[in-house]
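Next come the chains, spelled out residue by residue.
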Amino acid sequence: FPHQLTQDDTYESYHLPAGSVVIPNAWAMHQDTSIYGPDTTDFDPSRFLKPDGSLDHSVKDPDFTWGFGRSVCPGKHFADSVLYLVVATTLAAFDISSRRRGLRESILLVW
């Protein structure tokens, strides 16, 4: 959604006067290789983890997906909570494992 600047601003040596309309490019923000690595289009949850498997807080959470300023999605906290509950309920209710080909041979799932 477009936003209007309330005061003068500078972006990469460009002067933006107050009242200018700016449109944030969320797609480009998601594709920032300096933050998310060279494979930004791949599904890779490990980009948010340290080598020991703990959460890497230095990698920016893509919270801007929900919008900016006053036009941010009003249901973002609700959606995050519901997603957590759906995943937790699914993990609790089902036995999720790799498929087995034979009695002893299983298929390895690779991310």
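Keep in mind the model is a prediction, meaning the values are calculated, not measured. Here, residues in each chain are numbered from 1, in the same order as that chain's written sequence. With the structure being a predicted model, the display of local features is reserved for residues of pLDDT at least 70 and the display and counting of side-chain atom pairs for 80 or more, all residues being used for whole-chain, interface and lining totals. Derived side-chain values reflect all non-hydrogen atoms in the structure, with water molecules and hydrogen atoms excluded from consideration.

**Q** Give a description of the overall build of the protein chain that names residues and reports values.
**A** Helix and strand assignments come from DSSP, with helices taken as H or I runs of at least 4 residues and strands as E runs of at least 2, each series counted from the N terminus. Within the protein chain, the secondary structure is distributed over three helices and four strands. Listed by position from the N terminus, the elements making up the protein chain come as β-β-β-β-α-α-α. Across the 111 residues that make up the protein chain, the buried fraction comes to 10%. A contact between two residues is defined here by any heavy atoms of the two lying within 4.5 Å. Taking all contacts inside the protein chain whose residues are at least 6 apart in sequence as the whole, residues at least 24 apart take part in 21%. Residue burial considers only the protein chains on display, and all accessible areas are found by Shrake-Rupley using a 1.4 Å probe. For the protein chain, the accessible surface area stands at approximately 9,700 Å², while carbon and sulfur atoms represent 60% of it. Relative accessible area decides the class of each residue, using a 1.4 Å probe on protein chains only: under 20% of the type maximum gives buried, over 50% gives exposed, and in between gives partly exposed.

**Q** Help me get a handle on unusual backbone geometry, residues and values and all.
**A** Leave glycine aside and you will find that most residues have negative phi; peptide bonds, for their part, are mostly trans. With a phi close to 45°, E12 is a non-glycine residue in the positive phi region. Within the fold, E12 resides in the loop between β2 (9–11) and β3 (14–16). Although it is not a glycine, S13 adopts a positive phi angle of roughly 70°. Relative to the helices and strands, S13 is located in the loop between β2 and β3. Taking relative accessible area as the criterion, S13 reaches 70% and is therefore assigned exposed.

**Q** Give a detailed account of a nonpolar patch on the surface, specifying residues and quantitative values.
**A** Patch building starts from residues that exceed 30% relative accessible area and form no salt bridge, then joins like charges within 9 Å and nonpolar side chains (Val, Leu, Ile, Met, Phe, Trp, Tyr) within 5 Å. Basic side-chain nitrogens of Lys or Arg form a salt bridge, by our definition, when they fall within 4 Å of a carboxyl oxygen of Asp or Glu. Taken together, the side chains of L83, V87, L91, F94 and I96 define a hydrophobic patch exposed on the protein surface, amounting to about 540 Å² of accessible area. Inspection of the secondary structure puts L83 in helix α3 (residues 76–93). In this structure L83 comes out as exposed when scored by relative accessible area, which is 54%.

**Q** Just give me the short version of the pattern of salt bridges, but keep the residues and values in it.
**A** Where charged atoms of side chains with opposite charge meet at close range, the side chains can pair. The full count for this structure, using the stated rule, is one salt bridge. In this structure, the salt-bridge partner of D39 is R47, at a minimum N-O distance of 3.5 Å. We classify D39 as partly exposed; its relative accessible area is 26%. Taking the relative accessible area as the measure of exposure, R47 reaches 15% and is therefore buried.

**Q** Just give me the short version of the side chain of D56, but keep the residues and values in it.
**A** On the secondary structure map, D56 appears in the loop between α2 (33–36) and α3. No salt bridge forms around the buried D56; measuring N to O, its nearest opposite-charge neighbour K50 is 5.2 Å away. As used throughout, the charge tally considers Lys and Arg to be positive and Asp and Glu to be negative, leaving His and the chain termini uncounted.

**Q** Quick rundown of the environment of L49? Include the residues and the values.
**A** In this fold, L49 is placed in the loop between α2 and α3. Overall, the relative accessible area of 38% leaves L49 in the partly exposed class. Once residues within four sequence positions are removed from consideration, L49 is found in contact with S54, L55 and D56.

**Q** Any chance you could break down the confidence of the model for the protein chain for me, citing the residues and the numbers?
**A** Segments scoring low in pLDDT should not have their predicted coordinates read at a detailed level. Put simply, the protein chain has an average pLDDT of 83, and 87% of its residues get 70 or more. Ranking the elements of the protein chain by mean pLDDT puts helix α1 (residues 26–30) last, at 85, and β3 first, at 95. The quantity called pLDDT is the predictor's confidence in a given residue, expressed from 0 to 100.

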